[in-house]
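Reading the structure
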There are 2 protein chains.
Amino acid sequence: MNQKPKIAVILSGSGVYDGAEIHESIMTMYAIVEQGGEYQLFAPDIEQHHVINHLTGEQMKETRNVLIEAARIARGNIKPLSELSMKNFDALMLPGGFGVAKNLSDFAFKGPDCEVLPELNKIISDAVKEGKPIGALCISPAIVAKVLEGVKVTIGQDKATAEAIEIMGGVHENTKHGEVSIDKEFKVATTPCYMLDATIKDIADGAINVTKAVFRLI
Amino acid sequence: MNQKPKIAVILSGSGVYDGAEIHESIMTMYAIVEQGGEYQLFAPDIEQHHVINHLTGEQMKETRNVLIEAARIARGNIKPLSELSMKNFDALMLPGGFGVAKNLSDFAFKGPDCEVLPELNKIISDAVKEGKPIGALCISPAIVAKVLEGVKVTIGQDKATAEAIEIMGGVHENTKHGEVSIDKEFKVATTPCYMLDATIKDIADGAINVTKAVFRLI
């Protein structure tokens, strides 16, 4: 690779319980730049499934927009997911957080019977068609497995989620902190992050290792 | 130091334009753990000055609470600022963001005539009385200068902010990315971060360097 790898990163809001997991999002962005790449952030222009008070865990009586909230992580530099074409990028990366399972899909509510947001479904399929690798952290590998039948991924050690992945036709590999599962055929690299009990340093290690794997697959 | 240094980190919301700058907050937390320390997050239980749509830069017709929004960065593990006693910590750290100048003080509106939130004013003064170092990033050094008359700090190169610091009785030192200004008498270490045009890697470098300086001052 002579040019800087260009990575599309998809956010699902801002905050672990109703949006993108912030530590994983920031560490993914950092890992891409630290490894010599550059990123463009994207998020769908849709309402969040709900808004959670992150202090109490209770639902708040308000509505928020996924793109507008993700813009907090992006410092305003973010585009609607509808503008993402994998033709313009070398790889796709998906940080985790409940937003992946509540906003980008309904995996949090329907498990293996979930649907993935149609525009994201197409982007993931397009990435594979064009031979562009996909890196996914935390719970994101579950929706990658929903779209790509037969893909091998990891979400760490959680049995219920691993079973859901197998029901959707995926293959689950158990991993520990910072470890990366790689499917060479689909060019998919995954790592558990906060699907395990983790410190912020574990998240940095996982994000850096999965980004290195994605760069090698380009 | 035989034990892990315990650092109190103060957040001012979640999002650069109306709260804590997220990249600086996460990189401060990461730097503390990566350097062998541990952190506890705090934020004041008050309404934000306002809510900014981070996509458009426009004000939104809603209200948000600084502690509840900061809990997004904290994954729920955060305490009200009223519970922070510097007796229980080895050092204090303040990431930046407009929340510092809009929620923790009114520096964004009144410049050198600003007031710092009384409970934070006391915490900063207590830290100095007890010989506990203070690390401040981005715009936070301005409010440290308001509280500690005569302290030497940096906010990078911005002339208007540097002048405001001098009017408040501080001494401003120009710095570039990742550089740290140290006042050994007050035990205050500061670095510019997003007060300069920066990448997320510059922010990581600044956070790591200022954290190293704080740890040496303990």
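Check the entry above for the structure.
Quick look at the structure, then. Computed from a predicted structure; not experimentally measured.

Focus: helix α1 (residues 22-34) of chain B
Residues and elements named next belong to chain B. Here α1 spans 18 Å end to end across 13 residues, near enough to the 18 Å set by a 1.5 Å rise per residue. Buried residues dominate α1, accounting for 11 of its 13 residues. Buried within α1 we find Ile22, His23, Glu24, Ser25, Ile26, Met27, Thr28, Met29, Tyr30, Ala31 and Ile32. Structurally, the start of α1 carries an N-cap: the backbone nitrogen of His23 is 2.9 Å from a side-chain oxygen of Glu21.

Some remarks on the interface of chain A and chain B
Each side of the interface is counted separately: chain A has 36 residues, and chain B has 36 residues. The salt bridge involving B:Glu69 is made with A:Arg64; its shortest N-O contact spans 2.9 Å. Seen at the junction of chain A and chain B, the total is 12 residue pairs in polar contact (both at pLDDT 80 or more). The set of elements that each furnish at least two residues to the side of chain A that touches chain B consists of α1 (22-34), β3 (51-52), α2 (66-74) and α8 (200-217) of chain A. Among the elements that line the side of chain A that touches chain B, the one with the most residues is α1(A), at eight residues.

Some points on the pairing of strand β2 (residues 38-43) of chain A
All names here are of chain A. With five bridges connecting them, strand β1 (residues 6-10) and β2 associate as parallel partners. Across the sheet, the residue bridging to Ile10 is Phe42, located in β2. In terms of handedness, the path from β1 via α1 over to β2 forms a crossover that is right-handed.

Describing the packing of aromatic side chains
All names here are of chain A. Taken as a whole and assessed by the stated rule, the structure comprises four aromatic pairs over all chains. Between Phe42 and Phe89, the aromatic rings sit 5.6 Å apart at their centres with planes inclined by 85°, giving edge-to-face as the arrangement. Of this pair, Phe42 sits in strand β2 while Phe89 sits in the loop between β5 (78-80) and β6 (91-94), and the two are 47 residues apart along the sequence. In this structure, Lys6 packs its charged tip against the face of Phe89, placed 5.4 Å from the ring centre.

The rules behind these values
- Each chain carries its own residue numbering, running from 1 in the written order of its sequence.
- Working convention: letters from A go to chains and numbers from 1 go to ligands, in the order in which they are written.
- Residue-level local features of this predicted model are given only where pLDDT is at least 70; pairs of side-chain atoms are given and counted only at 80 or more, and the full residue set underlies all totals for whole chains, interfaces and linings.
- Only heavy atoms go into the side-chain values, all of them from the structure, while hydrogens and water stay out.
- Helix and strand definitions follow DSSP, with helices as H or I runs of at least four residues and strands as E runs of at least two, each counted in order from the N terminus.
- Between the first and last residue of a helix there are one fewer steps than residues, each counted as 1.5 Å, and that sum is the expected span.
- For every residue, the accessible area (1.4 Å probe, protein chains only) is compared with the maximum for its type, and the residue is labelled buried under 20%, exposed over 50%, or partly exposed between those bounds.
- Pairs of N or O atoms are called polar contacts if they sit within 3.5 Å, as long as, within protein, a hydrogen donor faces a hydrogen acceptor (for residues adjacent in sequence, only side-chain-to-side-chain pairs).
- It only takes one pair of heavy atoms within 4.5 Å for two residues to be counted as in contact.
- By definition, a salt bridge exists where a carboxyl oxygen of Asp or Glu is found within 4 Å of a side-chain nitrogen of Lys or Arg.
- One bridge is not enough; two strands pair if DSSP finds at least two bridges between them.
- Handedness rule for crossovers: strands pointing away from the viewer, path from the first strand over the helix to the second running clockwise, crossover right-handed.
- Any two rings among Phe, Tyr and Trp, with Trp reduced to its six-membered ring, count as a pair given centres within 6.5 Å; such a pair is stacked if its planes are under 30 degrees apart, edge-to-face if over 60, and tilted if neither.
- Counting as a charge over the ring demands two things of the Lys NZ or Arg CZ atom: a distance within 6 Å of the ring centre and an angle within 35 degrees of the ring normal.

Any link to function would need more than the numbers given here.
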